[in-house]
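Now for the letters of each chain:
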Amino acid sequence: MAGSTPASPTVDAAPVVVRATTRARQVTPWTEAWRRFRRHRLAVAGAVVFVLMILAVAFGPLIWRVQINEIDFTAQLQPPSWAHPLGTDDLGQDLLARMLYGGRISLSVGLAAMVVSIVIGTIIGSIAGMSRGSIDAALMWLTDLFLSLPSVPVLLLLIYLFRESMKHLIGAELGTFVLIVVAIGAFRWMIAARLVRAQFFALREKEFVEAARALGASQIRLMARHILPNALGPVIVAATIDVAAAIITESTLSFLGLGFPPDIPSWGRILFDAKDNLDVAPHWALFAGGAIFLSVLAVSFMGDGLRDALDPRRVI
Amino acid sequence: MSRYLIRRLLITIPSLLGISVALFTILALAPGDPFGELATNPAIPPEVQAALRAKFGLDDPIPIRYLHWLVAMLHGDWGFSFVSRVNVDTLILQRLPTTIAVIGAAQVLALLVALPVGVLAAVRPYSAFDQVVSTFALMGFSLPTFFTGIILILVFSIQLDWLPFVFRADLPGSGLHWWWAEFKQSIMPIVVLGLFLGAAMMRFVRSAVLDVIRLEYVTTARSKGLPERAVILKHIVRNALIPVVTLVALQMPAVFGGAIVTEQIFRVPGIGSLLISAIQSNDTPVIMGVTFVFSCLVILCNLMADLLYGWLDPRITYR
């Protein structure tokens, strides 16, 4: 029922002119998408900021060599200075070092949870999209069921119940990380599954799939080689949104005091510790919250640009 | 219509059962045992332990335990809070009105902001207003509620000292003065949640209006010579709002997440903060009860949205 209003000013860009010279430059769908993405200025800015943040947390601790747990009671709750560029917390620990370390955790939770949710979603969506009848109906019922579970309370419940045993199993840091990543991923796959299923429904009767089937391609090969690559666009967009949502969810859990323990300062955890000292050390909360906000905003802008670049028909 | 209603109500039952199975499975899979402390307590002889376990049915297979649990839940026996020594259902019922009031007020605020802004943005797509508003909406969407809450506390409670940042359930005084204090302490929680919801809702409204605005019946309305105001309010917005109803209902799980955080920041005594304090004190019956109530609320909202949708959109056939 969409009218003639374009989803975005960039999608109706002039079609690529294939030069009439003897050797036309090859335009793959990816170069075309990249060309459209570059036009979306905010999206490019978001991508640049996000890459810079990843580089900063990856290499920052190699340059800024202060320990995250170096307690210094002579320098409690100090505002930013040359010795501590982002100030210190209530134990006199350097906030820049903690923020860099926390960024590693927050961003890797975001990316890892995205991978989990996309993998689960793609598998369930493909199975539902290839099979007709009862399997499809059952899987979609499951998807709807998960969509109507309130994710934060259920995540809190999961973490409360499994935290201790994961700690004993593989250690405090890795245990919490795996638990949080799997839990977030397990409650975010529904959108990817629906998108993949919708794409399968649209593609599986197309001529090129028919042709491959006529050539004797197996069901698995049809899925993996012919249909999935064509369904990738919306999935990439969903993946970007998932990264942002996972970063927010992890910080929410940590902010509620149920994510990472205090000796593993993810950004949400830093904010949780900072919120009782708002009146004396506002910088503490502002840096942590600002980092979460900036990363989520950058990823969201990227997602917006990718949606226009990869998915001009705007599937929600 | 009544057949549609009955059908839709019947669909709700398997969802509720599914959710109860999911929650019970999580609980059953979890390591640890409610009698774990008894086992390590040397004062209790093993025979008594075994008798207690048999009495509470802990050694039964999981499906049987699920049935027992379900029957108890249906009878209104939600268990007993370990910490506050009150029945879980009374505890939740005490707290539920506050949560519903906060969420309801936030939804109303979100609608009041999102509707006019979203419609205005969509009426002139890609204008300066639209671009600014859309950018702000994306920012509002990316600002986690706990960060906006902290910024509001910093500005309005600490710097300006206008608003209290701890919500008090037992405000003294009465009459007009009491209402004013109640209003003042409710502003920040409602604004935090409302703006977060409003940002997402504005995007829904904008894209829904964009879908409708170029349809032929709108052109017809314009060519009849109707004033633009009437075309927008009577023809476009009415139809554009139909999908928005569903999207608002789909957003409910996120709303409850936001409500838990908001209640925790401002110490609003609702079921969200009850959940957090129950988790901190290992009060499993309360945790299960609150999670189940949240799930039921989500399903209830979906049900209401579906019914509303059927009523708003005559094209829906009541099969």
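From a predicted model like this one, the values you see are computed outputs, not experimental measurements. (Residues numbered from 1 in each chain as written. Chains lettered and ligands numbered in written order. Predicted model: local features only at pLDDT ≥ 70, side-chain atom pairs only at ≥ 80, totals over all residues. Heavy atoms only, no water.)

Asks: Explain the confidence of the model for chain B here, please?
Replies: With 91% of its residues at a pLDDT of 70 or more, chain B has an overall mean of 81. For this predicted complex, the interface score ipTM comes out at 0.79, while the overall pTM is 0.82. (pLDDT = per-residue confidence, 0-100.)

Asks: I tried to follow the domain arrangement of chain B on my own but got confused; where do I start?
Replies: Accessible area lost during the coming together of the parts is what is often quoted as the interface size. All names here are of chain B. Partitioning chain B into domains gives domain 1 (2–74) and domain 2 (91–312). Using only C-alpha atoms to locate each centre, domain 1 and domain 2 end up separated by 35 Å. Between domain 1 and domain 2, the residue contacts involve 13 residues of the former and 12 residues of the latter. Among the residues of domain 1 in contact with domain 2, Tyr4, Arg8 and Leu23 are the three that bury the most area, contributing 39% of the side total. (Domains from an automatic or database assignment. Contact = heavy atoms within 4.5 Å. Buried area = accessible area lost by both parts, 1.4 Å probe.)

Asks: Any chance you could explain the packing of aromatic side chains here in plain terms?
Replies: In this description, an aromatic ring pair is defined by two values, namely the gap between the centres and the angle between the planes. Within the structure shown, the criterion is met by 9 aromatic pairs over all chains. Geometrically, the ring pair formed by A:Phe255 and B:Phe146 is stacked, given 5.0 Å between the ring centres and 20° between the ring planes. A residue pair is termed interchain when its members come from two chains, as with A:Phe255 in helix H10 (residues 232–255) and B:Phe146 in helix H7 (residues 145–159). Note on A:Phe255: relative accessible area 1%, which makes it buried. Judged by centre distance (5.2 Å) and plane angle (55°), the ring pair of B:Phe256 and B:Phe294 falls under tilted. (Phe/Tyr/Trp six-rings, centres within 6.5 Å; stacked < 30°, edge-to-face > 60°. Helix = DSSP H or I, 4+ residues; strand = E, 2+ residues; numbered from the N terminus. Buried < 20%, exposed > 50% of the residue type's maximum accessible area, 1.4 Å probe, protein only.)

Asks: Just checking my understanding: could you explain the confidence of the model for chain A for this structure?
Replies: Detailed reading of the predicted coordinates is not advisable wherever pLDDT falls low. Residues and elements named next belong to chain A. Per-chain confidence: chain A averages 80 in pLDDT, with 88% of residues scoring 70 or above. The secondary-structure element of chain A with the lowest mean pLDDT is helix H1 (residues 29–39), recorded at 79, while helix H3 (residues 95–130) shows the highest, at 90. Counting contacts from residues 1–7, a segment whose pLDDT is below 50, to residues more than four positions away or on other chains yields 17 contacts. Across residues 9–22, where pLDDT falls below 50, the model places 18 contacts with residues more than four positions away in sequence or in other chains.

Asks: Whenever I open this one, the interface of chain A and chain B confuses me. Can you help?
Replies: Counting from both sides, the interface comprises 52 residues of chain A and, opposite them, 56 residues of chain B. Carbon and sulfur atoms make up 79% of the area that chain A and chain B hide from each other, which totals about 4,500 Å². In this structure, the connection of chain A to chain B is made through 1 salt bridge. Put simply, A:Asp304 and B:Arg203 hold a salt bridge, and the shortest N to O gap is 3.6 Å. Taken together, the elements giving at least two residues each to the side of chain A that touches chain B come down to helix H4 (134–147), helix H5 (151–170), H10 and helix H12 (282–310) of chain A. It is H12(A) that contributes the most residues to the side of chain A that touches chain B, 13 residues altogether. Broken down by class, the residue content of the side of chain A that touches chain B amounts to 34 nonpolar, 12 polar and 6 charged. (Salt bridge = Lys/Arg side-chain N within 4 Å of Asp/Glu carboxyl O. Nonpolar A, V, L, I, M, F, W, Y, C, P; charged D, E, K, R; others polar.)

Asks: How should I be thinking about the side chain of A:Ser131 in this particular structure?
Replies: All names here are of chain A. You can see serine 131 is positioned in the loop between H3 and H4. A distance of 2.6 Å separates a polar side-chain atom of serine 131 from the backbone oxygen of isoleucine 127. Not counting the four nearest positions on each side in its chain, serine 131 is found in contact with Asp136 and Arg204. (Polar contact = N/O pair within 3.5 Å; in protein donor to acceptor, adjacent residues only side chain to side chain.)

Asks: It is not clear to me how a nonpolar patch on the surface should be interpreted in this structure. Could you clarify?
Replies: On the surface, A:Val48, A:Val51, A:Leu52, A:Leu55, A:Phe59, A:Leu62 and A:Ile63 cluster together to form a nonpolar patch covering roughly 700 Å² of accessible area. Among the secondary structure elements, A:Ile63 is positioned in helix H2 (residues 41–63). (Patch = residues over 30% accessible without salt bridge, like charges linked within 9 Å, V, L, I, M, F, W, Y side chains within 5 Å. Areas by Shrake-Rupley, 256 points an atom, 1.4 Å probe, with all protein chains shown as cover.)

Asks: Please explain the side chain of A:Ser300 as it appears in this structure.
Replies: The topology assignment puts A:Ser300 in helix H12. If we ignore the near neighbours within four places in the chain, the residues touching A:Ser300 are A:Ala244, B:Leu138 and B:Ser142.

Asks: Where do I start with the pattern of salt bridges in this structure?
Replies: Should their charged atoms come close, side chains of opposite charge can pair. All names here are of chain A. Counted by the stated rule, this structure contains 10 salt bridges over all chains. Of the charged contacts in the structure, one is a salt bridge between arginine 213 and glutamate 210, with a shortest N-O distance of 3.5 Å. In this pair, arginine 213 and glutamate 210 both sit in helix H8 (residues 207–214), 3 residues apart, roughly one turn of the helix. According to the relative accessible area criterion, glutamate 210 is partly exposed, its value standing at 38%.

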